[in-house]
Structure formats: structure tokens, C-alpha cells
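For reference, the chains in residue letters:
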Amino acid sequence: MENCIFCKILNKEIPSKFIYEDENCFAINDINPKAKKHILVIPKAHVESLAQVEDMELVKKMFEAIKKINKQEGIVDFKTLINTGKSAGQEVMHLHIHILAD
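An account of the accompanying structure is given in this report. Owing to the predicted nature of the structure, the values given are computational and were not obtained by experimental measurement. (Residues numbered from 1 in each chain as written. Predicted model: local features only at pLDDT ≥ 70, side-chain atom pairs only at ≥ 80, totals over all residues. Heavy atoms only, no water.)

This paragraph deals with the packing of aromatic side chains. Each aromatic ring pair is summarised here by two numbers: the centre-to-centre distance and the angle between the ring planes. Taken as a whole and assessed by the stated rule, the structure comprises one aromatic pair. A cation over a ring is seen here: Lys-12 above Phe-18, with NZ or CZ 4.3 Å from the ring centre. (Phe/Tyr/Trp six-rings, centres within 6.5 Å; stacked < 30°, edge-to-face > 60°. Lys NZ or Arg CZ within 6 Å of the ring centre and 35° of its normal.)

Put into C-alpha cells, the structure is as follows:
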């Protein structure tokens, strides 16, 4: 998507340090963290929100990545959050899952 910040990060148009990457998704630290650890897990395919996911296999792969990221980062207790739609707090219209841990 042309003006999507996550697509620009993925395409290296905006510099960012990936803390995880596989063939389906990547993860970065949130630039405005709401917890000691605040990680965003983002699919490489541009999907606007959870409401637009057609193949739930994508969501399964994202949660599999979360397990790997948590192990890598030493996270045991955590919260996940998916905002779906602007009125629900979604600021970037590209599906992403927040991992929040203290």
C-alpha cells in the first residue's frame, strides 16, 4: 500500500530494526511503548485489519511468530491486543498484533 508506514518499513523506505522476521511477518518495537516491552507483529501482506482477513491461516502464523518472539525476548507473561478499525484505536490501517509485557 502506497502510504502505509508498515509497508514502507518492510520495503526499507523507513529505517527500522526488525527484532524478528520470517516469510509471513516481521516484528518491531513500538515507537510509543505502552509497556516495558511493546512489540508489534506485522504481516508482510498488506491487510487493513482483522475484519479484512480472508485466510485465517495468516493470523495463525502471526500467533506462531508471537510464541517464537516471546521465547527469543524472554517474555513469559504478556498481553496481546488487536485493534480493529479507527474507532477501536487502530492508528495504522495495516493489521498488527501488539505484544505488551512488563
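Unlike most non-glycine residues, Lys-12 shows phi in positive territory, near 65°. Turning to its location among the elements, Lys-12 is positioned in the loop between α1 (5-10) and β1 (20-21). (Helix = DSSP H or I, 4+ residues; strand = E, 2+ residues; numbered from the N terminus.)

The next point concerns the layout of surface pockets. Of the volumes computed, that of the largest pocket is approximately 530 Å³. In this structure, the largest pocket is lined by 25 residues; those nearest its centre are Phe-6, Asp-30, Ile-31, Asn-32 and Leu-40. Contributions of two or more residues to the lining of the largest pocket are made by α1, β2 (25-29), β3 (37-43) and β5 (97-101). The residue inventory of the lining of the largest pocket, partitioned by class, reads 12 nonpolar, nine polar and four charged. (1 Å grid on protein atoms, 1.4 Å probe; cavity = no way out; pocket = protein on both sides within 12 Å on 5 of 7 lines; lining within 4 Å. Points joined across faces, edges and corners; volume = space filled by probe spheres on them. Nonpolar A, V, L, I, M, F, W, Y, C, P; charged D, E, K, R; others polar.)

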